[in-house]
Every structure is written in structure tokens, then in C-alpha cells.
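# Survey of secondary and tertiary structure
Listed here are the chains, written in short residue letters.
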Amino acid sequence: MTAYRRYGIYAVPHGAFYATGAAWLGWDSVAGCTLAPPTVEGLPRPVAEMTATPRKYGFHGTVKPPFRLADGMSETALRDAAAALCAGLAPVEIPALTLRRLGGFVAVVPATPAEALAHLAAETVRRLDRFRAAPSQAELDRRRKSGLSARQEANLVQWGYPYVMEEFRFHMTLTGRLGEDADRVAERLRNLFTPVLPQPYRIDDLALVGEDAQGRFRVIQRYALSG
């Protein structure tokens, strides 16, 4: 038995940017502890309510979505493969980050498309795919409920997740779905995050993360991008 139910590969920031995002969500995936949220004036709902959905994942940008280990695979082997992968991949620099509404939720995203980051994510998904157990029928059905394009359906079948490869859009989620409140919350959060947004934002490492028994993700280990 492994210590974690699922694993993933995330870009987890450092410094004040990470500290602000972790405090806002109320979960520090690096230290493995809950945090008190900052005070933000003018919000339409309690912070704990707005962050309930993304809190368990911690502040991050997904590179390889969470997956269960395939039969015969171990955490030790995954660690070794992640280290080897990152040793051959170069760091990625995003010229600018911004905060905006994505559909019904709020996230930090690249201000312009980042092709190098998309390549990094595609390589990570592809080269670690052997560790991923195939999704159950219930998981497939849940993903399809939102209505997938032909490309997203093909990704789901091949890679276990619709929004990878050409459909990849890097984002660091800050809220659950807020409906008509999303624009107001985004404006308030710009005041909180703008002073700490790294410009440019350089991704020098990737983190192997694991989902614990309580459903919260924790950073297991960081691996430098040294290619």
C-alpha cells in the first residue's frame, strides 16, 4: 500500500507569491498545514466558502493531472522517474502573470500563451503516463458530463484527462465557481496578488504531490528543471 491515494505533478511557486496563494486557499501543501485566510475587504461571500473546492489541492498550477498508480508501479519508481524527467527538461519563464476570471472561477494565468510551458506539460504527461492507472467508468462518465469536444474526448481516452496536450491551459485556481460574483472577486483579489506576482514568473522546478487520506494534496518532493 502507498501512503497516497493519487499523485500529480504540479508547478508550486516559492516565496511571497506562494505564501499569499496558500494563505488565501487556507492550505499549505508544502508544510502540510491549514492557514488562516487574509483579510480582503468587499468580498461578496466568506473566503472559506469561495475556496472550498480548490483548497485541498493547494496553490499550484497543474502540469500532470492527479492519477492513481497503475498496478505494479510504486511511489519509489515514480519519484525516480520524476527526477530523471526533470533533469532533462529546461526551466520555463513566463513573461507576465495576470489574474482573471475563467468561466465561473478566478485564477492566476499567463498574460499571453506560453508555448514552452505547454511543451513542458506535454512532455511530463507523456513520459510519466506509464505510472497512471486507467480511469474507471465512473470517472470517465463524470468527465464527460461537462460536454467534451472531439479533441478533449480523445485526450480523455488516451491520457485519462481531457485538458492536456493541445487543450492544456496553465492556471493557478483561486476559487470555486462563483457565477455572477466572479468578476467582483477577481477585482478584489488583484489588489491582494498584484504586489506579489513575479514578473517574469520562472518555473525552475516541478513538484511531485500526493493526495492524503483526508483528500488534501501535499508536496512530496521538488525536482529541479536542469536540462
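Everything that follows concerns the structure shown earlier in this document.
In short, a report on the structure.

Here is what the cut-offs are and how they apply
- Residues numbered from 1 in each chain as written.
- Predicted model: local features only at pLDDT ≥ 70, side-chain atom pairs only at ≥ 80, totals over all residues.
- Heavy atoms only, no water.
- Buried < 20%, exposed > 50% of the residue type's maximum accessible area, 1.4 Å probe, protein only.
- Helix = DSSP H or I, 4+ residues; strand = E, 2+ residues; numbered from the N terminus.
- Pairing = 2+ DSSP bridges.
- Core = buried A, V, L, I, M, F, W, Y, C linked by side-chain atoms within 4.5 Å.
- Contact = heavy atoms within 4.5 Å.
- Phe/Tyr/Trp six-rings, centres within 6.5 Å; stacked < 30°, edge-to-face > 60°.
- Lys NZ or Arg CZ within 6 Å of the ring centre and 35° of its normal.
- Salt bridge = Lys/Arg side-chain N within 4 Å of Asp/Glu carboxyl O.

Attention now moves to the pairing of strand S1 (residues 7–11). Within S1, five of the five residues are buried, which leaves the element mostly enclosed by the surrounding structure. Of the two faces of S1, the one lined by Tyr7, Ile9 and Ala11 and the one lined by Gly8 and Tyr10 are each fully buried. Inspection of the sheet shows S1 paired to strand S4 (residues 61–67) by four bridges, in the antiparallel sense. Along S4, the bridge assignment pairs alanine 11 with glycine 61.

With 59 residues, the main nonpolar core has Phe17, Trp24, Leu174, Phe193, Ile203 and Leu206 as its most contacted residues. Beyond its immediate stretch of four places on either side in the chain, leucine 206 contacts Ile9, Tyr10, Ala11, Val63, Cys86, Leu120, Thr124, Gln221, Arg222, Tyr223 and Leu225.

Turning our attention to the packing of aromatic side chains. This structure, assessed with the given rule, holds eight aromatic pairs. With a centroid separation of 5.9 Å and 70° between ring planes, the pair formed by tyrosine 4 and tyrosine 7 is classed as edge-to-face. Overall, the relative accessible area of 0% leaves tyrosine 7 in the buried class. Considering the side-chain rings of phenylalanine 168 and phenylalanine 170, the 6.4 Å spacing of their centres and the 50° angle between planes classify their relative orientation as tilted. An identical accessibility class is assigned to phenylalanine 168 and phenylalanine 170; each is buried. Put simply, the rings of Phe17, Phe59, Phe193 and Tyr201 touch in pairs and so form one group of aromatic residues. One residue, lysine 64, lies across the ring of phenylalanine 67, its end atom 5.1 Å from the ring centre.

Let us now look at the pairing of strand S7 (residues 105–110). Along S7, six of the six residues are buried, which leaves the element largely enclosed by surrounding structure. Here strand S6 (residues 97–102) runs beside S7; their pairing, made up of six bridges, is antiparallel. Counted as the bridge partner of arginine 100 is alanine 107 from S7. Hairpin remark: S6 followed by S7, antiparallel, with two residues in the connecting loop; positive phi at glycine 103, about 65°. In this structure, S7 lies alongside strand S8 (residues 172–173), joined through two bridges in antiparallel fashion. Residue pairing in the sheet places valine 108 in a bridge with methionine 172 of S8.

This model, assessed by the stated rule, comprises 18 salt bridges. Here arginine 5 and glutamate 211 are joined by a salt bridge, their closest N and O atoms 3.3 Å apart. Placement of the pair is arginine 5 in the segment before S1 and glutamate 211 in strand S10 (residues 205–211), with a sequence separation of 206 residues. Taking relative accessible area as the criterion, arginine 5 reaches 46% and is therefore assigned partly exposed. On the basis of relative accessibility, which here comes to 5%, the residue glutamate 211 falls in the buried class. The closest approach of N and O atoms between arginine 68 and glutamate 139, which form a salt bridge, is 3.2 Å. Of the two residues, arginine 68 sits in the loop between S4 and helix H4 (75–87) while glutamate 139 sits in helix H6 (residues 137–144), which places them 71 residues apart along the sequence. Within this structure, Arg5, Arg6 and Glu211 form a network of salt bridges that share partners.

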